[in-house]
Amino acid sequence: MPRNAVAPIVLSALLCSSLVPAGAHAAAPDAAQPADAGEGTLAEGAADGADEPSSPADRAPEASPAASPEPASAGAGASIVRDGERIAFPDLPSALDAARDGETVEVLGDHVLDRQLAVSDGRSVTLRATGAASLTRGPGFPRSGGKVAGMVRLSGSSSLALESADPAAYELVLDGAGADSDEAVVTLLEGSSLAMGAGTAVEDALCSWKPWASVYVRSGSFTLDGGEIRGALAMRNPAVAVEAGGSFDMRAGSITGNKATYSESIVWTKGSFSMSGGAIAGNVSNVSADGVVHVLSGGSFALSGGVVGDNRPNNTFGVRVDAGASLEIGSRARLEGADRVSLARGGSLSFSGAPRRTP
């Protein structure tokens, strides 16, 4: 889809160097770009490509039958404390299946999964590390589209919170381990929600031919409040992708070390994205035709605080705002390094305070 020419924008001297017309920097020819991510959902856009299979939202991988949630030995690495009694389970999926609404599943050590972690019945569950804990997909994990399936799937207005009992001492890590997939490590469907607290991470996700990798919000809400998304690689949007009607709230934590191979977007939204803290920094891409944060038509980005900056080598825009999209910048927001704002004609820009830009 051709880009709109942008008339010169006159802002305060404080931010004038941060705002440039969308057409002022010529990107690689449009023919070198994938199908425009602004048309339809990511799932629909993926279906348009000859090399891209169908969306994870349109199919569910075949999973092994659920293991019995009967208690196992006290030494198991997954357990639930219920009515003052600790109940141990043979594996993490079994414990998650058995958790009641509002309960916490405690994990410790390395967990090699043989089936998906799925919550689909409206329950709200917390997954808490009581020591260093890492979740990976084993050789028997279900496959989808000829590749390993996503690790976590939430649907039916369900909720999952990830946390560490001692964030300063150890992490709870959802480790993609560089295993190629057509699905994000975590997919949210049907109004479900994911929250990542301090001491949690999604790392090394890989979707070589899909426009997502770490967290995909098809429908629902994602809150990053101290966690990290790092080391992911995808065609575009390796960190977070949000469809229309979905939301992403970044309060603290970091999105760093991620790479897009087919566009510049690290975070992509057609829904709402609010950022009040944390940093989106140190990410890279192969091209320079997009923005580290890409706000598409119908989407909104409220940047009240936190840092977008030092994303390189080819990321020339920190934030790209398309026609029909909106950006609001607050006084605690920071744009660093070469990251700037690209505002298309028809896009909306407003200020809730005087922003800062550092050299």
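Above: the structure in question.
Described below are features of the structure shown in this document.

Conventions and cut-offs
- Residues numbered from 1 in each chain as written.
- Predicted model: local features only at pLDDT ≥ 70, side-chain atom pairs only at ≥ 80, totals over all residues.
- Heavy atoms only, no water.
- Helix = DSSP H or I, 4+ residues; strand = E, 2+ residues; numbered from the N terminus.
- Buried < 20%, exposed > 50% of the residue type's maximum accessible area, 1.4 Å probe, protein only.
- Contact = heavy atoms within 4.5 Å.
- Areas by Shrake-Rupley, 256 points an atom, 1.4 Å probe, with all protein chains shown as cover.
- Pairing = 2+ DSSP bridges.
- Salt bridge = Lys/Arg side-chain N within 4 Å of Asp/Glu carboxyl O.
- Phe/Tyr/Trp six-rings, centres within 6.5 Å; stacked < 30°, edge-to-face > 60°.

1. Overview of the overall build of the protein
A tally of regular secondary structure across the protein gives 2 helices and 32 strands. Across the 359 residues in the protein, those meeting the buried criterion constitute 52%. Long-range pairs, those at least 24 residues apart, make up 76% of the contacts in the protein with a sequence separation of at least 6. Looking at the protein as shown, the accessible area adds up to about 13,500 Å², and 51% of this sits on carbon and sulfur atoms.

2. Structural notes on the pairing of strand S11 (residues 172-175)
For a regular strand, side chains alternate in direction, first toward one face of the sheet and then toward the other. What you see with S11 is no split at all: Leu172 and Leu174 on one side and Val173 and Asp175 on the other are buried throughout. Pairing of strand S6 (residues 124-137) with S11 involves 3 bridges; the strand directions are parallel. Bridge pairing in S11 places Ser134 opposite Val173. Sheet topology places S11 next to strand S14 (residues 200-203); 4 bridges connect them, and they run parallel. Across the sheet, the residue bridging to Leu172 is Thr200, located in S14.

3. Structural notes on the pattern of salt bridges
Side chains that differ in sign of charge can pair as their charged atoms come close. All told, the structure shown has 15 salt bridges when counted by the stated rule. Taking the shortest distance from any N to any O, the salt bridge between Arg230 and Glu171 comes out at 2.9 Å. In this pair, Arg230 sits in strand S17 (residues 220-230) while Glu171 sits in the loop between strand S10 (159-164) and S11, placing the two residues 59 residues apart along the sequence. You can call Glu171 partly exposed: its relative accessible area is 27%. The closest approach of N and O atoms between Arg230 and Glu203, which form a salt bridge, is 2.8 Å. On the criterion of sequence distance, the pair formed by Arg230 in strand S17 and Glu203 in strand S14 is long-range, its members being 27 residues apart. Here the salt bridges share partners, and the residues they tie into one network are Arg86, Glu106, Arg128 and Glu163.

4. Re the side chain of Asp249
Structurally, Asp249 is set in strand S20 (residues 247-256). Contacts of Asp249, omitting those with residues within four sequence positions, involve Phe222, Thr223, Leu224 and Ser274.

5. Quick word on the packing of aromatic side chains
Scanning the entire structure with this criterion turns up 4 aromatic pairs. Judged by centre distance (5.0 Å) and plane angle (5°), the rings of Phe222 and Phe248 are stacked. Of this pair, Phe222 sits in strand S17 while Phe248 sits in strand S20, and the two are 26 residues apart along the sequence. Owing to a relative accessible area of 0%, Phe222 belongs among the buried residues under this scheme. Residues Phe248 and Phe273 carry aromatic rings whose centres are separated by 4.6 Å and whose planes lie at 5° to one another, so their mutual orientation is stacked. Of the two residues, Phe248 is situated in strand S20 and Phe273 in strand S23 (residues 272-275); the sequence distance between them amounts to 25 residues. According to the relative accessible area criterion, Phe248 is buried, its value standing at 1%. Of the residues examined, Phe273 reaches a relative accessible area of 1% and is grouped as buried. Taken together, Phe222, Phe248, Phe273 and Phe301 form an aromatic cluster joined through their ring pairs.

6. What about the environment of Ala344?
With respect to the secondary-structure elements, Ala344 resides in the loop between strand S30 (341-343) and strand S31 (348-351). Judged by relative accessible area, which is 10%, Ala344 ranks as buried. As for Ala344 and Ala323, which are separated by 21 residues in sequence, their C-alpha atoms are 5.6 Å apart.

7. A look at the environment of Phe89
Mapping Phe89 onto the fold places it in strand S3 (residues 85-89). Overall, the relative accessible area of 2% leaves Phe89 in the buried class. Note: C-alpha distance between Phe89 and Ala78 (11 residues apart in sequence) is 5.7 Å.

8. Here we look at unusual backbone geometry
Not every positive phi belongs to a glycine, and Glu190 is a case in point at roughly 55°. Within the fold, Glu190 resides in the loop between strand S12 (186-188) and strand S13 (192-197). Residue Glu190 is classed as exposed on the basis of its relative accessible area, which comes to 52%. Even without a glycine there, the phi angle at Asp204 is positive, about 55°. A residue is classified by how much of its surface remains accessible, and Asp204, at 33% relative accessible area, is partly exposed.

9. Regarding the pairing of S6
With respect to burial, S6 is a largely interior element, 10 of its 14 residues being buried. Taken together, the 9 bridges between strand S4 (residues 104-113) and S6 define a ladder with parallel strand orientation. Across the sheet, Leu113 pairs through a bridge with Arg137, a residue of S6.

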